[in-house]
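Structural description and commentary
The lines below spell out each chain.
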There are 2 protein chains.
Amino acid sequence: MSDQEREYTVIFQPSGRRGKIRGGGSVLEAARSLGVEIEAICGEKKTCGKCKVQVMEGFFEKFGVESSMAHLSDWTKDEDRLLSTAERENHIRLSCLSKVKGDLLLFVPEEARGGKQVVRKKAGKLKYPADPDLRIYYIEMNAPTLHDPEDDFLRVKQALKDAHNAEANRIDLFCLRQMGDTLRAAKWKVTVWLWKDEIVRVVPGKVERHYGIAVDIGTTTVAAYLTDMENGRSVATDSKMNPQVRFGEDVMSRITYAMQNPGKGLQQMHEAIIGALNEIVGNLCDEHKLTRDDILEMVLVCNTAMHHILLKLNPEHVGVAPFPTAMAPAVDIKARDLGININASGNIHVLANEAGFVGADNCGVLIAEEPYNSEEDVLIIDIGTNGELLCGSKKLGVVSCSVATGPALEGAQIKFGMRAAPGAIEKVEIDQETLEPRFKVIGKADWHTHIEDVDAKGICGSGIIDVVAEMFRTGIVDKGGRFVKEAPTRRLRRDETTGQAEYVLAYEPETSIGKDIVVTQGDVRAIQLAVGSIYAGAVIMMRHLGIQKLDKVVLAGAFGSHLNPFSCAIIGMFPDVPIAQIISVGNAAGDGARLCLVNKSKRIEANKMARTVKYLELTVFADFERVFMKAMQFPHMEDPFPNWKHVIDEIPNWKKIAKEKKTADTPANP
Amino acid sequence: MSDQEREYTVIFQPSGRRGKIRGGGSVLEAARSLGVEIEAICGEKKTCGKCKVQVMEGFFEKFGVESSMAHLSDWTKDEDRLLSTAERENHIRLSCLSKVKGDLLLFVPEEARGGKQVVRKKAGKLKYPADPDLRIYYIEMNAPTLHDPEDDFLRVKQALKDAHNAEANRIDLFCLRQMGDTLRAAKWKVTVWLWKDEIVRVVPGKVERHYGIAVDIGTTTVAAYLTDMENGRSVATDSKMNPQVRFGEDVMSRITYAMQNPGKGLQQMHEAIIGALNEIVGNLCDEHKLTRDDILEMVLVCNTAMHHILLKLNPEHVGVAPFPTAMAPAVDIKARDLGININASGNIHVLANEAGFVGADNCGVLIAEEPYNSEEDVLIIDIGTNGELLCGSKKLGVVSCSVATGPALEGAQIKFGMRAAPGAIEKVEIDQETLEPRFKVIGKADWHTHIEDVDAKGICGSGIIDVVAEMFRTGIVDKGGRFVKEAPTRRLRRDETTGQAEYVLAYEPETSIGKDIVVTQGDVRAIQLAVGSIYAGAVIMMRHLGIQKLDKVVLAGAFGSHLNPFSCAIIGMFPDVPIAQIISVGNAAGDGARLCLVNKSKRIEANKMARTVKYLELTVFADFERVFMKAMQFPHMEDPFPNWKHVIDEIPNWKKIAKEKKTADTPANP
């Protein structure tokens, strides 16, 4: 019997999950099938080296005994490249590369575990009054008689017209199936849900309030808002990790996963997100004592890849140049056709995609921020796992572009990068004189100012931007992003194996991962690339519009709203603008979804404006590469934009902060 | 262990079907569950006495042994009333009344068997050119580039606009899911199916022809027409029994079945008709070498009860005064929502119901015959299991009504009545001098003019109308419908048990049922009631419109098209009209369905005209009862309509026929 035909017991620690796994599959697949989340940032492209597992039982047979006895497949050349000798000796393997060949007890190191992201997407007040496509109307009718034997539908239609001047021309089949009995049980006194001109629900008696759900499906996080349809207020929120993270951290990994697993991959990821939406719907309904049948509309925003997977459209083409989407305009789909467990007659509205890499989520940002109505020249940066930029004004019109920031800004492809989950260093400051850092860890209330165990696990996006900006400001790295050898701090050192320079942000005793958390030369380069791409995108857009100087920069997105505007300014994420004009608006994509849920004019506006925004494909601009290369420098030297030195002077309280830091403990060499 | 907990073996002969049946259920239920069709015309209301079974094994224990040993439940009072002593002695039971209490071998007498109806619904040529809501367009596009990265949908939309000036604003999700790969595989040369403004199918290359299906769902028969959408031609037809017949012969029986089996009954009948439609779709596609995916639209017509069961709407309310339907206007439903196996993105269009008992099938008749465009005053009679009448003209407008003909005109509630299946006597003439009949049996090519075995099994609708008309014409029954004792024929006799007069139409040797086929006084009464109701309905309609005399009578329906207009005239089915102006148009309801399939203007016209036709609820007319009572007389004496004596003179060839009959054998007293 071959390995492919046999099943083996595989146990993952520390979760303790176990199950029978058919031989021949990878450990990563085994983990997924057992619901164990292992970070697989590169989407099995053998580049990230993150998906480590430690073999507790089973692996020892690999040494000294014949290969056929091994419980895992042979050590690979890729593992040679991605893992250290110490790791190899410590029985660390990469789960994407090692295949199950026998019973296994595996340990997932903390750094490789998928953690629950800290969701920090809050719902603010909306700028528009509620005037939704979905309305409720209370009506009373006379029962049919032989002199007035009109059918149920036309009777309801007439009552809606008479009492509310509301026009009903259609009725959903699933609603119609229940209406007759409801009308009679309720003695012809009912509340009718009307979606546009379609009757979608009829319930006995008078109902005063009704609710819809707006959802922002991020690559990493799904955030949902239960919304009062009559006043637009968000009455409950829920969020959870996008369970597709199991199949790859970023959109390209997921597209790759779909391509490498034809049919099945897309189906798995589609089911994962539908399942997550159904859980969220359940949670929101339970919280507000509603049934799923009470929900008749959801509005969804997401990037184009998430959009395609959500609708079970092949995402392959959106991942390959020229990146055409399958469907740009907004779509309305019956909930039952997507398997979303709200009322079967309910509607799922997905906002329009603007272009291949500017999705429905950016359409949400667009109508929430309305650059097309702005008197000022504004740049809007929505940094998710990709960067989407909008630029323009009422006068000039609006252009969009997508920049390949890479996942660095969210903590991936950074040596100790991680998502914004507990244990992540999210804010960093470096003392100008001592070059000692202080930082804040998610899950801890206070700033960490002296050596103590704060269970730091890694650095999330806002933290990495902070630390890079601070290293530049304090002279640890130079304009070109190179570490300055002469910088007077013991924290600057060389990695023993690679010889690369690195800055020690947290010493081992401060962490929960048993090693120093450092920022490497490679990390700085990754941030330069990300920041340079945003800056270069902005430059191309401004040039296209003929803008010399921005009036305002808007940072959107859950991630953007946690960035330190000063850090962004210092590293030159965007062209020159007064610090006071750098505004953080939070989850504008989610705001756009909520607006479209409760205001039908905004919904029309969204679909229209998504088409009027001009998408600039940066790669077709001849000098994009040149602009981009220059933009990677801190601060930027690109004409006609002045450099950023003045920003530093604008930053308040630097003196004070520096002083505070002096009083803090300076760590001994650990 | 009680009877309800045990299972017994039940075998039905002559079909040989057998199975395990849980004790306590009726024999009729057992038959249904095993797929044995037993006629249950009254819908288990204990009035028809048709659902006979003969107990071959098991029943004998009923006599002489204790009751608990019996394999069937006790003989009932209702069986006393509905079965003769001879039948009781011959171990005949009614299957709806006897419950399974042990193993059984049962024989279903031929007269109680459900037979396959002879379907005689042919498709003629349509009066309108093809201009359907569903069109196909061949388009060629350029592949996306970085300079033109438009999404797939808008690319297709633009090509449709450019090449054909066709407007696409929507795309069905299930179609969208396949479009991207299809466009690329086909190198951007595809044929697009556009339903109104919605893209519903995209296939590679150029397709020249496409097809839709029109279906007339009759209470008894489902007839379907595979139709070329580009020229309206019917290229294949198929039909089958409406499998709901198992649950009751007429609409009221089925409504009753639904009410007596809450939830389950409707579900069973709904699944039965959907299953039948799927079989028909399969047959038509196979015949024309199409796949089910090739079919993107079906248009259905049916009466209101069939309409409700088809859509799985509670039919209860449509069966009780004031008979309001759930939904009068036409509906468009995605095929997938009904479980109909055409293309998942396909549309099911069901024509509008006019009123509680004037359904979508009559809407089909309405737009096929267009009385609202007629210069003449026309009466249209659609006789199915119910009678629906339309009356009016362009000048006067059109009114409709429904008359409770009862099932007599289709052969039910007639002692030897049966459906138009092989063995049914379908045409009858009686010699004026000898009072001897000659008749035609379905399945036999020639008229039956002398005693010989022609396997006659019963009399179908057209036959019973013929024989009653002929008995009246030849003086065997009088104006009041009573048998004339003095009529000089041995065929007129009294039933030994009931004492009722009867006319022997076929002697036992001519039949396959082992007994004489007779027409009873009760049968004549049933026909009088049916015919009187149509006549009275017409009178009320004409009076409402102010019509003194009809210009034309149209007989519609598969049944109507087989009626002998002379017989109808003789028994006074409708008010005075020249014989030449009595026109048979065949399945006008089916014609209406086909028109709506291939012509979008007719579809709009149908929905509109269904609402402009004024429905007259006959029971609210104070003198309806009086008119009806008078109308039961042959020929009618109702003022201002002259009686029908002149009609007989108009009938051609009576002399010739009479002469032929004389030469035929006169049967010996059998």
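Residues numbered from 1 in each chain as written. Chains lettered and ligands numbered in written order. Predicted model: local features only at pLDDT ≥ 70, side-chain atom pairs only at ≥ 80, totals over all residues. Heavy atoms only, no water.

Quick notes on unusual backbone geometry
Across residues other than glycine, the phi torsion is negative in most instances, and most of the peptide bonds are trans. For the peptide bond that leads from A:Ala321 to A:Pro322, omega is 5°, which places it in the cis range. Secondary-structure assignment places A:Pro322 in the loop between helix H8 (304-310) and strand E14 (331-334). Of note, B:Asn165 is a non-glycine position whose phi angle comes to about 50°, a positive value. Structurally, B:Asn165 is set in the loop between helix H4 (152-164) and strand E7 (170-171). Residue B:Asn165 is classed as exposed on the basis of its relative accessible area, which comes to 58%. The phi torsion at B:Lys187 lies on the positive side, around 55°, for a residue other than glycine. Of note, B:Lys187 is situated in the loop between helix H5 (173-185) and strand E8 (189-195). Judged by its relative accessible area of 62%, B:Lys187 is exposed. (Helix = DSSP H or I, 4+ residues; strand = E, 2+ residues; numbered from the N terminus. Buried < 20%, exposed > 50% of the residue type's maximum accessible area, 1.4 Å probe, protein only.)

Quick look at the side chain of A:Asp431
Summarising the element assignment, A:Asp431 is placed in the loop between strand E19 (424-430) and strand E20 (437-441). Looking at A:Asp431, its side chain comes within polar contact range of the main-chain nitrogen of A:Thr434, at 2.9 Å. (Polar contact = N/O pair within 3.5 Å; in protein donor to acceptor, adjacent residues only side chain to side chain.)

Focus: the interface of chain A and chain B
Taken together, the contact pairs 42 residues of chain A with 42 residues of chain B. For the chain A and chain B pair, buried surface summed over both sides reaches about 3,500 Å², with 66% attributable to carbon and sulfur atoms. Considering only the side of chain A, the residues that lose the most area to chain B are A:Leu146, A:Arg177 and A:Asp337, jointly responsible for 18% of the buried surface there. Scanning the region where chain A abuts chain B turns up two salt bridges. For the salt bridge of B:Arg336 with A:Asp337, the shortest nitrogen-to-oxygen distance reads 2.7 Å. The interface formed by chain A and chain B holds 16 residue pairs in polar contact (both at pLDDT 80 or more) in total. Mapped onto the side of chain A that touches chain B, the elements with two or more residues apiece are helix H4 (152-164), helix H5 (173-185) and helix H9 (335-338) of chain A. (Contact = heavy atoms within 4.5 Å. Buried area = accessible area lost by both parts, 1.4 Å probe. Salt bridge = Lys/Arg side-chain N within 4 Å of Asp/Glu carboxyl O.)

Details of the pattern of salt bridges
Residue and element names in this part refer to chain A. Evaluation of the coordinates by the stated rule reveals 73 salt bridges over all chains. Of the charged contacts, one joins Arg482 and Asp478 as a salt bridge, the two residues approaching to 3.7 Å between their closest N and O atoms. For Arg482, a relative accessible area of 46% translates into the label partly exposed. We classify Asp478 as partly exposed; its relative accessible area is 25%.

Quick notes on the domain arrangement of chain A
Residue and element names in this part refer to chain A. Under the domain assignment, chain A is made up of domain 1 (3-112), domain 2 (134-204), domain 3 (214-361), domain 4 (371-403 + 531-648) and domain 5 (408-526). In this structure, domain 4 and domain 5 have C-alpha centres spaced 27 Å apart. Each partner contributes residues to the interface: domain 4 has 18 residues there, and domain 5 has 15 residues. The tally of links from domain 4 across to domain 5 stands at zero salt bridges. Here domain 4 is connected to domain 5 by two residue pairs in polar contact (both at pLDDT 80 or more). Counting residues per element, the side of domain 4 that touches domain 5 draws most heavily on helix H14 (residues 565-571), which supplies four residues. The residue inventory of the side of domain 4 that touches domain 5, partitioned by class, reads twelve nonpolar, six polar and no charged. (Domains from an automatic or database assignment. Nonpolar A, V, L, I, M, F, W, Y, C, P; charged D, E, K, R; others polar.)

Points about the relation of the copies chain A and chain B
You can overlay chain A on chain B at an RMSD of 0.2 Å; the transform is a turn of 180° with a shift of 0.1 Å along its axis. One copy is carried onto the other by what is essentially a two-fold rotation axis. Residue A:Asp337 of chain A places its C-alpha closer to the rotation axis than any other residue of that unit, at 4.5 Å. (Least-squares fit on C-alpha atoms with pLDDT ≥ 70 in both.)

Things to note about the packing of helix H12 (residues 521-545) of chain B against helix H17 (residues 624-631) of chain B
Packed helices, taken two at a time, are described by their axes: the angle between them and the distance between them. Residues and elements named next belong to chain B. Closest axis-to-axis distance for the H12/H17 pair is 8 Å, and the angle between their directions is 130°. Viewed along their axes, H12 and H17 adopt a mutual orientation that is oblique. Relative to H17, the crossing made by H12 is right-handed. Every residue of H17 that contacts H12 at Leu529, Gly532, Ser533, Tyr535, Ala536, Gly537, Val539, Ile540 and Arg543 is listed here: Phe624, Arg626, Val627, Phe628 and Ala631. In terms of residue class, the contact of H12 with H17 is made up of nine nonpolar, three polar and two charged. (Axes fitted to C-alpha atoms, helices over the stretch in contact; angles between N-to-C directions. Parallel < 35°, antiparallel > 145°, perpendicular 65-115°, else oblique. Left-handed = near helix turned anticlockwise from the far one by under 90°.)

A closer look at a negative patch on the surface
Taken together, the side chains of A:Asp446, A:Glu452, A:Asp453, A:Asp455 and A:Glu508 make up a negatively charged region of the molecular surface. Tracing the backbone shows A:Asp446 in the loop between E20 and strand E21 (447-448). (Patch = residues over 30% accessible without salt bridge, like charges linked within 9 Å, V, L, I, M, F, W, Y side chains within 5 Å. Areas by Shrake-Rupley, 256 points an atom, 1.4 Å probe, with all protein chains shown as cover. Lys, Arg positive; Asp, Glu negative; His and termini not counted. Charge placed at Lys NZ, Arg CZ, Asp CG, Glu CD.)

Quick notes on the sheet that holds E21(A)
Residue and element names in this part refer to chain A. With respect to topology, four strands assemble into an open sheet ordered E21-E20-E19-E22, the strand pairing being mixed. The open sheet has two edge strands with one neighbour each: E21 and strand E22 (458-459). Of the strand pairs in this sheet, E20 and E21 are connected by two bridges, and their pairing is antiparallel. Following the sheet pairing, Phe439 is matched in E21 by His448. Running at roughly 15° to E19, helix H11 (residues 461-473) makes contact with E19 and E22 of the sheet. (Pairing = 2+ DSSP bridges.)

Looking at the packing of aromatic side chains
Applying the stated criterion across every chain yields a total of eight aromatic pairs over all chains. Look at A:Phe472 and A:Phe634: their rings are 5.3 Å apart centre to centre, the planes differ by 45°, and that puts the pair in the tilted class. One end of the pair, A:Phe472, is in helix H11; the other, A:Phe634, is in the loop between helix H17 (624-631) and helix H18 (645-650), and 162 residues separate them in sequence. When its relative accessible area of 9% is taken as the criterion, A:Phe472 is described as buried. Arranged with centres 5.9 Å apart and planes meeting at 0°, the rings of B:Phe624 and B:Phe628 form a pair that is stacked. A residue pair is termed a helical-turn pair when its members lie 3 or 4 positions apart in one helix, as B:Phe624 and B:Phe628 do in helix H17 at four residues. This pair shows no difference in class: B:Phe624 is buried, exactly as B:Phe628 is. We note B:Arg177 situated over the ring of B:Phe174; from NZ or CZ to the ring centre the distance is 5.2 Å. (Phe/Tyr/Trp six-rings, centres within 6.5 Å; stacked < 30°, edge-to-face > 60°. Lys NZ or Arg CZ within 6 Å of the ring centre and 35° of its normal.)

Observations concerning the environment of A:Arg603
Positionally, A:Arg603 belongs in helix H16 (residues 600-612). Along the sequence, A:Arg603 and A:Arg135 sit 468 residues apart, while their C-alpha atoms lie 15 Å from each other.

Overview of the sheet that holds strand E21 (residues 447-448) of chain B
Residue and element names in this part refer to chain B. Taken in spatial order, the four strands make up an open sheet running E21-E20-E19-E22, and their pairing is mixed. The sheet is open, and its two borders are formed by E21 and strand E22 (458-459), each paired with just one other strand. Bridge count for strand E19 (residues 424-430) against strand E20 (residues 437-441) is five bridges, and the pairing is antiparallel. By the bridge assignment for E20, Ile425 is matched with Val441. Each of E19 and E22 touches helix H11 (residues 461-473); the most contacted strand, E19, lies at about 15° to it.

What about the side chain of B:Ser98?
Locating B:Ser98 in the fold gives a position in the loop between strand E4 (92-94) and strand E5 (104-107). Leave out the neighbours within four places in its chain, and B:Ser98 touches B:Gly25, B:Ser26, B:Val27, B:Leu72, B:Ser73 and B:Arg93.

Here we look at the packing of helix H10 (residues 360-369) of chain A against helix H15 (residues 588-598) of chain A
Residues and elements named next belong to chain A. The interhelical angle for the contact between H10 and H15, taken along N-to-C directions, is 75°, at an axis separation of 7 Å. One finds that H10 runs roughly perpendicular with respect to H15. Mapping the contact onto sequence places Asp361, Gly364, Val365, Ile367, Ala368 and Glu369 in H10 and Ala588, Ala589, Asp591, Gly592, Leu595 and Cys596 in H15.

Thoughts on H5(A)
All names here are of chain A. Here H5 contains 13 residues, and its C-alpha end-to-end distance of 19 Å stays within 8% of the 18 Å for a straight helix at 1.5 Å per residue. In H5, a bend of some 40° at Met179 exceeds every other bend along the element. Here H5 has its buried residues at Leu173, Cys175, Leu176, Arg177, Met179, Gly180, Thr182 and Leu183. Two to three positions downstream of the cap, the backbone nitrogen of Phe174 sits 3.0 Å from a side-chain oxygen, assigning the N-cap of H5 to Asp172. At the C-terminal side of H5, Lys187 shows a positive phi close to 55°. (Expected span 1.5 Å × (residues − 1). Bend = angle between axes of the 7 residues up to and from the residue.)

Details of the environment of A:Thr76
Looking at the element boundaries, A:Thr76 is found in the loop between strand E3 (52-57) and helix H2 (77-82). The spacing of A:Thr76 and A:Gln178 is 102 residues in sequence and 62 Å in space, taken between C-alpha atoms.

Focus: helix H7 (residues 264-287) of chain A
If you check H7(A), its first and last C-alpha atoms are 34 Å apart, about what 24 residues at 1.5 Å a residue would give, namely 34 Å. Directly after H7(A), the chain includes A:Lys289, whose backbone phi takes a positive value near 55°.

A closer look at the confidence of the model for chain A
Should the pLDDT be low somewhere, the predicted coordinates at that spot are not to be read in detail. All names here are of chain A. Per-residue pLDDT for chain A has a mean of 86; in total, 88% of the residues score no lower than 70. Contacts of residues 636-670 to residues separated by more than four positions or lying in other chains number 69 contacts, the stretch itself having pLDDT below 50. Predicted as a complex, the structure gets a pTM of 0.79 and an ipTM equal to 0.78. (pLDDT = per-residue confidence, 0-100.)

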